[in-house]
Amino acid sequence: MERLPGGRRPRLVSSLGLGRRSWEVTLDEERGRLAWRDPRPPRRAGENCFVPISEIIAVEETEFNKKQRNIGRWQKMAKLHAFTVYYVKKARNHRWRCSDATFWCEDEHLCNQWTQALKELLEMQKSRPKQLLVYINPYGGKRQGKRIYEQKVAPLFSLASISTDVVITEHANHAKDNLFEVNIYKYDGVVCVGGDGMFSEVMHGLIGRMQKDSGIDQNNPKASLVQCNIRIGIIPAGSTDCICYSTVGISDPVTSALHIILGDCQPLDVSSVHHNNTFLKYSVSLLGYGFYGDILKDSEKKRWMGPMRYDYSGFKTFLSHHYYEGTIAYQPAKHTHGSPRDKERCRTGCYICKQSEKQLAEQSKERGLKHEEGEEEWKVIKGKFLAINAVSMSCACPRSPKGLSPAAHLADGSADLILVRKCSRFDFLRYLVRHTNQDDQFDFPFVDVYRVKCFQFTSKLSEDNESNVMDIGKKRFGQFCRDHPACCCSIVNSTWNCDGETLDSSAVEVRVHCQLMKLFARGIEEDCKDEAAHSQSSIEQLL
Ligand SMILES: CCCCCCCCCCCCC/C=C/[C@@H](O)[C@H](CO)NC(=O)CCCCCCCCCCCCCCC
Ligand SMILES: Nc1ncnc2c1ncn2[C@@H]1O[C@H](COP(=O)(O)OP(=O)(O)OP(=O)(O)O)[C@@H](O)[C@H]1O
Ligand SMILES: [Ca+2]
């Protein structure tokens with residue numbers, strides 16, 4: 001086909017059959033879309049539709065089944081040629097589905113011309129993955145990971161001509177260890193089928209591998225870590241699926257598979273957690289001490305209960321009402337324009353995250369000139385806390401659709417540090433309930449929230465330990481209180497819940513690494529009214 005200046009093809013416009021009728025079908029490269037409209041006068045016209053080329057999943061030559069299509073007798077006599085366009089159909093609540101439209105005509109050459117033009121345009125979508133490494137946790141969530149992948153995801157990957165190497169994990173850390181051994185650079189992405197824990201494994205494998213290959217010591221809490229450009233895709237099959245929900249807007253395997261196929265890219269902040277110059281873990285969602293740490297610790301013993309274990313342990317932990325004494329020192333995130341009390345949310349193409357991306361690019365140009373963290377002021381808070389939560393993203397999940405910090409950003413280089421001070425059970429319940437409704441969960445005198453770029457925490461107990469004031473009696477008392485749920489004593493330590501895994505130390509040093517990794521996602525899209533298949537009723541809107 002002849003090309004226009006700039007290598008573009010002229011608009012391809014043909015009269016093609018779709019269903020029982022004839023449509024005027026246009027492939028408009030300039031506007032990046034495939035559109036079909038009813039050529040009859042407006043009064044008699046039916047629906048007009050368009051699909052952005054970036055949302056076409058695949059194009060296939062099709063055997064046209066004439067019996068299926070109840071068309072006129074004269075057409076039955078002629079041999080028909082057809083092609084099917086598979087595309088993303090956006091439904092309610094950020095759910096995506098694979099839809100298809102089969103176009104037919106009598107002219108074989110015309111049909112080939114269409115198929116070829118569409119396939120060439122798909123080839124030009126350079127961010128789409130061709131080869132993926134897939135890890136499936138067969139025991140995550142309701143133990144449906146393998147079935148979900150085989151029945152819902154693999155057929156879509158194969159439709160989109162994506163080749164995969166699939167590993168079904170045999171034990172915890174299988175995926176993480178494997179990522180240090182395989183040639184990761186031959187893949188366009190790594191997919192994990194499981195929950196937040198499985199994602200965490202894959203993230204640790206990939207980030208750890210990147211640092212190892214670049215000679216960066218992860219034990220150095222001040223090290224500038226190397227960004228990981230191999231994207232991770234999450235097929236949700238876990239208990240909380242908070243990372244998937246917060247980055248896509250829904251926890252749905254088909255929707256996530258389609259985001260992977262289209263080659264979406266969402267950068268993500270990662271917090272590193274250290275203790276005494278020793279690397280402990282990375283976190284992208286919740287780093288929680290007190291309430292969420294205690295829930296996790298209790299729920300680990302109840303894995304057999306599946307996702308229900310969190311409700312059971314949540315109720316138990318709520319009743320135990322433990323508070324913990326300690327000191328927090330943090331550096332405010334001055335580089336970002338947002339605040340945790342903003343009404344604006346982080347959404348697809350977020351302006352605040354884009355600003356951080358620009359700053360990051362400038363910083364890496366001027367490496368060496370940037371300010372050392374040590375030079376900036378630290379704020380110190382001492383107190384008795386029911387919960388200390390640091391979230392690098394909103395932590396929205398089906399249990400709490402707006403999350404622990406609704407205005408947190410996915411990729412702004414900061415975390416929201418939420419301090420819930422000692423209060424009555426009733427007040428704490430009011431605070432928890434606000435995670436499930438529209439009321440502001442930070443609007444309580446016992447809750448403070450700060451946007452930070454790093455923080456440190458030391459529990460009163462470890463401070464006392466360090467100053468050697470702990471005696472046998474205190475140890476005994478600590479033991480007694482741990483076993484006595486009605487006691488609210490502060491002498492025992494809690495545990496850190498780091499994206500659903502426990503940490504061994506209570507004293508931690510945490511630093512946010514702006515956009516350290518990338519996901520096959522695009523953030524949560526603003527709700528739009530014309531979601532359903534981009535159906536428009538007016539021709540003006542179409543052309
Ligand atoms: C009255 C209802 C209040 C409901 C309050 C719901 C708040 C839910 C907030 C969920 C935040 C999840 C943050 C994500 C953390 C993930 O990195 C991690 C790994 O998957 N998941 C968990 O640690 C798993 C954490 C699971 C937390 C479940 C909390 C359940 C609390 C239940 C309290 C019941 C009180 C009832 C009193 C009558
Ligand atoms: N084959 C396996 N056998 C046992 N454990 C595994 C296996 N594969 C992975 N794991 C571990 O299981 C843990 C939990 O997995 P996953 O996150 O998929 O489910 P979940 O805990 O139910 O969900 P969530 O993390 O969302 O609460 C992960 O930390 C992972 O290390
Ligand atoms: Ca952030």
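Coordinates for the structure precede this section.
Residues numbered from 1 in each chain as written. Chains lettered and ligands numbered in written order. Predicted model: local features only at pLDDT ≥ 70, side-chain atom pairs only at ≥ 80, totals over all residues. Heavy atoms only, no water.

Colleague: Teacher, can you tell me more about the coordination of the calcium ion (ligand 3) here?
Modeller: Think of it this way: four donors in a tetrahedron around the metal ideally sit 109.5 degrees apart, and six in an octahedron ideally sit 90 or 180 degrees apart. Those protein atoms acting as donors to the calcium ion (ligand 3) are D269 (OD), S392 (O), H409 (O), D412 (OD) and S414 (O), and they sit at 2.3 to 2.6 Å. Mapping the donors of the calcium ion (ligand 3) onto the primary sequence yields the spacing D-x122-S-x16-H-x2-D-x1-S. Highlighted residues: D269 in strand β12 (residues 266-275) and S392 in the loop between β16 (379-391) and β17 (415-421), separated in sequence by 123 residues. Side by side, D269 and S392 carry an identical accessibility label, which is buried. (Donors = N, O, S within 2.8 Å, 3.2 Å for Na, K, Ca; no water. Helix = DSSP H or I, 4+ residues; strand = E, 2+ residues; numbered from the N terminus. Buried < 20%, exposed > 50% of the residue type's maximum accessible area, 1.4 Å probe, protein only.)

Colleague: How should the site of ligand 2 be read in this particular structure?
Modeller: Residues in close proximity to ligand 2 total 23 residues, the closest being G141, T169, G195, E201 and S239. The contact in question runs from an oxygen atom of ligand 2 to an N or O atom on the side chain of S239, over 2.6 Å. When the free accessible area of ligand 2 is taken as 630 Å², the share hidden by the protein chains comes to 87%. Contributing elements (two or more residues each) for the shell around ligand 2: α5 (196-213) and α9 (309-320). Looking at the shell around ligand 2 residue by residue, the classes come out as 5 nonpolar, 11 polar and 7 charged. (Near = heavy atom within 4 Å. Polar contact = N/O pair within 3.5 Å; in protein donor to acceptor, adjacent residues only side chain to side chain. Areas by Shrake-Rupley, 256 points an atom, 1.4 Å probe, with all protein chains shown as cover. Nonpolar A, V, L, I, M, F, W, Y, C, P; charged D, E, K, R; others polar.)

Colleague: Would you mind showing me how to read the environment of K422 here?
Modeller: Looking at where K422 falls in the secondary structure, it is placed in the loop between β17 and α11 (425-433). Using a relative accessible area of 45% as the deciding quantity, one classes K422 as partly exposed.

Colleague: Would you mind going over helix α7 (residues 253-262) with me for this structure?
Modeller: Note on helix geometry: an α-helix contains 3.6 residues per turn, so any two residues three or four positions apart are oriented the same way. Extensive coverage of α7 is indicated by the burial of 10 of its 10 residues. P253, V254, T255, S256, A257, L258, H259, I260, I261 and L262 are the residues of α7 that are buried. The first or second residue beyond α7 is G263, which carries a positive phi of 75°.

Colleague: Teacher, can you tell me more about the pairing of strand β11 (residues 231-236) here?
Modeller: Across a regular strand the side chains alternate sides, sitting on one face of the sheet and then on the other. Most of β11 sits out of view: 6 of its 6 residues are buried. Side chains R231, G233 and I235 of β11 all project onto a buried face; the interleaved residues I232, I234 and P236 project onto the opposite face, where all are buried too. Where strand β10 (residues 189-194) meets β11, 6 bridges bridge the pair, whose relative direction is parallel. Counterpart to V190 in the pairing with β11 is I232. Handedness of the crossover is the feature at issue here: the chain leaves β10, passes through α5, returns alongside β11, and the resulting connection is right-handed. (Pairing = 2+ DSSP bridges. Right-handed = clockwise from strand over helix to strand, strands pointing away.)

Colleague: Got a minute to help me understand the pairing of strand β15 (residues 324-332) in this structure?
Modeller: Most of β15 sits inside the fold, with 8 of its 9 residues counted as buried. Two strands pair when backbone bridges link them, and β15 and strand β18 (residues 447-459) are joined in this way by 7 bridges, in the antiparallel orientation. Bridging from a neighbouring strand, I328 pairs with F457 of β18.

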